[in-house]
Amino acid sequence: MFACLQVWAAVFNCASVICNRQCPLHRDPSSTPEGFDIMASVGHYCNRIMILSNLGIRLRYNSGAMVSCSGHNVRHGVTYTGDRIVWAWFICNSLQNFVGTPQSSYATFIHVD
């Protein structure tokens, strides 16, 4: 496994493909709390709204849109009508622990003039 990780080209160690599924509000407890997940949606659908409920944000989630947030910390969900496919990339904490890769740290903000 260590040899494969030396040439792994992505920071994410897991991916999920979701087809034509309503996604109620939820958190992703298996992803790292320090990391950001990326979700990309494509298809022919309408009434697409992504909700980040504990942030009080509602987004238009049109085909081709990508959204990034901490799926572990932010309750998120999607409503829509039609056909869609979502690719979600994330870092799985248990897989990182299993292979012994270092844990990431939380993002920080530095003010630049």
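In this report, the structure presented in the accompanying data block is examined. (Residues numbered from 1 in each chain as written. Predicted model: local features only at pLDDT ≥ 70, side-chain atom pairs only at ≥ 80, totals over all residues. Heavy atoms only, no water.)

### Some thoughts on the packing of aromatic side chains
Describing an aromatic ring pair means giving the distance of the ring centres and the angle of the ring planes.
Here comes step 1: Counted under the stated rule, the structure contains one aromatic pair.
Here comes step 2: Taken together, a centroid distance of 5.9 Å and an interplanar angle of 75° make the contact between Tyr45 and Tyr80 edge-to-face. Separated by 35 residues along the polypeptide, Tyr45 in strand S3 (residues 37–52) and Tyr80 in strand S6 (residues 76–90) bring together distant segments of the chain. As far as burial versus exposure is concerned, Tyr45 and Tyr80 are alike and both buried. (Phe/Tyr/Trp six-rings, centres within 6.5 Å; stacked < 30°, edge-to-face > 60°. Helix = DSSP H or I, 4+ residues; strand = E, 2+ residues; numbered from the N terminus. Buried < 20%, exposed > 50% of the residue type's maximum accessible area, 1.4 Å probe, protein only.)

### Here's the deal with the pairing of strand S4 (residues 57–60)
Here comes step 1: With four bridges joining them, S3 and S4 adopt antiparallel strand pairing. Residue pairing across strands places Leu52 opposite Ile57, the latter belonging to S4.
Here comes step 2: Adjacent in sequence and paired antiparallel, S3 and S4 are bridged by four residues, among which Gly56 carries a positive phi angle near 70°. (Pairing = 2+ DSSP bridges.)

### Brief notes about the nonpolar core
Here comes step 1: Ranked by size, the top nonpolar core spans 14 residues in total, and within it Met39, Met50, Leu52, Tyr61, Val67, Cys69 and Val78 carry the most contacts.
Here comes step 2: With near-sequence residues (within four places) excluded, Met50 lies in contact with Met39, Ile57, Arg58, Leu59, Tyr61, Val67, Gly77 and Val78. (Core = buried A, V, L, I, M, F, W, Y, C linked by side-chain atoms within 4.5 Å. Contact = heavy atoms within 4.5 Å.)

### Points about the state of the cysteines
The bond known as a disulfide is covalent and runs between the sulfur atoms of two cysteines.
Here comes step 1: Applying the stated rule across the entire model yields zero disulfides.
Here comes step 2: Lacking any disulfide linkage, Cys19 is separated from the closest cysteine sulfur, that of Cys23, by 13 Å.
Here comes step 3: Between Cys69, a free cysteine, and Cys23, which holds the nearest cysteine sulfur, the sulfur-to-sulfur gap is 11 Å.
Here comes step 4: Judged by its relative accessible area of 5%, Cys69 is buried. (Disulfide = S-S within 2.5 Å.)

### Remarks on the side chain of Ser31
Here comes step 1: With respect to the helices, strands and loops of the structure, Ser31 is situated in the loop between strand S2 (23–26) and S3.
Here comes step 2: The residues touching Ser31, leaving out its near neighbours within four places in the chain, are Asp37, Gly71, His72, Phe90 and Ile91.

### Details of unusual backbone geometry
Here comes step 1: With a phi angle near 45°, Asn20 is a residue other than glycine that sits in the positive phi range.
Here comes step 2: Along the chain, Asn20 turns up in the loop between strand S1 (14–19) and S2.

That's the geometry; what it means functionally is another story.
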